Amino acid sequence: GQNIDQPTEMTATEGAIVQINCTYQTSGFNGLFWYQQHAGEAPTFLSYNVLDGLEEKGRFSSFLSRSKGYSYLLLKELQMKDSASYLCAVRDDYQKVTFGTGTKLQVIP
Amino acid sequence: ETGVTQSPTHLIKTRGQQVTLRCSSQSGHNTVSWYQQALGQGPQFIFQYYREEENGRGNFPPRFSGLQFPNYSSELNVNALELDDSALYLCASSYDRGSNYGYTFGSGTRLTVV
């Protein structure tokens, strides 16, 4: 089975950098995803990692270490609109995608 | 290109009743996954359909069933509704089972069981 752990809540200041960690234990691994979900809305895809290393996409970067079962999402130059829940999700060898419970990020002025 | 459309948006049902939720996948996507999301929780995998066949199932009882049609739209059926079935039901489509581009989610159906 899959087990995914993320911090429940985080607070950061507008303009700052925040790192949201995710650790996972899986019976097979075929990629890790990050999604953003604003309150009352559907999740939207942010990033995908399947190989070790850093993937950068604008203000957002995602890192993966498969040997450590660890990933993080880095958000730079935080904006108020970045206040949302961030979901870490892992895909197994059977293409099943399991989501963590999400990290609720609050950006304050 | 259209996104993922779900209907209805909101629904109130009585315990013991049956419900059908509908999802139109994004154009060009052949895979549909259904998730249940309780308030403050992450989405829980119900099942996935790929080219009209069930392609994986989560820890949900058999009273949760589904279909995928030739146009890749999908239905989620829940029989004998229980109070704990109250949640947001999300449909997500993808280009393929192993797509690197993630899912496109619909806005969800908010089901309330009373």
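Residues numbered from 1 in each chain as written. Chains lettered and ligands numbered in written order. Predicted model: local features only at pLDDT ≥ 70, side-chain atom pairs only at ≥ 80, totals over all residues. Heavy atoms only, no water.

(A) Here's a closer look at the overall build of chain B. From N to C terminus, chain B includes 0 helices and 11 strands. Whereas a compact globule of 114 residues would reach a radius of gyration of roughly 13 Å, chain B reaches 13 Å, a difference of no more than 12%. Taken along its principal axes, the extent of the C-alpha atoms in chain B is 40 × 25 × 25 Å. Expressed as a percentage of its 114 residues, the buried residues of chain B come to 50%. (Helix = DSSP H or I, 4+ residues; strand = E, 2+ residues; numbered from the N terminus. Rg over C-alpha atoms; globule rule 2.2 N^0.38 Å. Buried < 20%, exposed > 50% of the residue type's maximum accessible area, 1.4 Å probe, protein only.)

(B) Focus on the state of the cysteines. The final tally for this structure, using the stated rule, is 2 disulfides over all chains. Across a sulfur-sulfur distance of 2.0 Å, C22 of chain A and C88 of chain A are joined as a disulfide pair. Its torsion about the S-S bond being -65°, the disulfide of C22 of chain A and C88 of chain A is classed as left-handed. On the criterion of sequence distance, the pair formed by C22 of chain A in strand 3 (residues 18-25) and C88 of chain A in strand 9 (residues 84-91) is long-range, its members being 66 residues apart. By relative accessible area, which is 0% here, C88 of chain A ends up buried. Residue C23 of chain B pairs covalently with C91 of chain B via a disulfide, S to S 1.8 Å. Here the disulfide of C23 of chain B and C91 of chain B is left-handed, its torsion about the S-S bond being about -60°. (Disulfide = S-S within 2.5 Å.)

(C) Representation of the sheet that holds strand 7 (residues 64-68) of chain B. All names here are of chain B. What the 4 strands build is an open sheet, ordered 1-3-8-7; its pairing is antiparallel. Where the open sheet ends on each side, the last strands, each with one partner, are strand 1 (5-7) and strand 7. Within this sheet the neighbouring strands show an average axis-to-axis angle of 15°, counted without direction. Relative to strand 8 (residues 74-78), strand 7 runs antiparallel, the two being bridged by 5 bridges. Each bridged residue has a counterpart across the sheet, and for F64 the counterpart in strand 8 is V78. (Pairing = 2+ DSSP bridges. Axes fitted to C-alpha atoms, helices over the stretch in contact; angles between N-to-C directions.)

(D) Summary view of the confidence of the model for chain B. Of the residues in chain B, 99% have a pLDDT of 70 or more, and the chain-wide mean is 93. The lowest-confidence element of chain B is strand 6 (residues 53-57) of chain B, averaging 91 in pLDDT; the highest-confidence one is strand 8 of chain B, averaging 98. (pLDDT = per-residue confidence, 0-100.)

(E) Region of the structure containing the side chain of D85 of chain B. Residues and elements named next belong to chain B. Examined against the element boundaries, D85 turns out to sit in the loop between strand 8 and strand 9 (87-94). Overall, D85 belongs to the buried group, its relative accessible area being 3%. In terms of polar contacts, D85 uses its side chain to reach the side chain of R63, at 2.8 Å. At 2.8 Å, the side chain of D85 and the backbone nitrogen of E82 are in polar contact. (Polar contact = N/O pair within 3.5 Å; in protein donor to acceptor, adjacent residues only side chain to side chain.)

(F) Geometry of unusual backbone geometry. Cis geometry marks the peptide bond from S7 of chain B to P8 of chain B; its omega dihedral reads -10°. In this structure, P8 of chain B sits in the loop between strand 1 and strand 2 (10-13). The backbone of Q95 of chain A sits at a positive phi, close to 70°, despite the residue not being glycine. Mapped onto the elements, Q95 of chain A comes out in the loop between strand 9 and strand 10 (97-99).

(G) Summary view of the interface of chain B and chain A. Chain B puts 21 residues into the contact, and the matching count from chain A is 16 residues. Three residues stand out in chain B for area buried against chain A, namely N100, Y103 and F105 of chain B, and they jointly supply 29% of the buried area on that side. Where chain B meets chain A, there are 0 salt bridges. Across the contact surface, chain B and chain A share 3 residue pairs in polar contact (both at pLDDT 80 or more). Contributing elements (two or more residues each) for the side of chain B that touches chain A: strand 4 (31-37) and strand 5 (44-50) of chain B. Residues belonging to the side of chain B that touches chain A are distributed by class as follows: 7 nonpolar, 13 polar and 1 charged. (Contact = heavy atoms within 4.5 Å. Buried area = accessible area lost by both parts, 1.4 Å probe. Salt bridge = Lys/Arg side-chain N within 4 Å of Asp/Glu carboxyl O. Nonpolar A, V, L, I, M, F, W, Y, C, P; charged D, E, K, R; others polar.)

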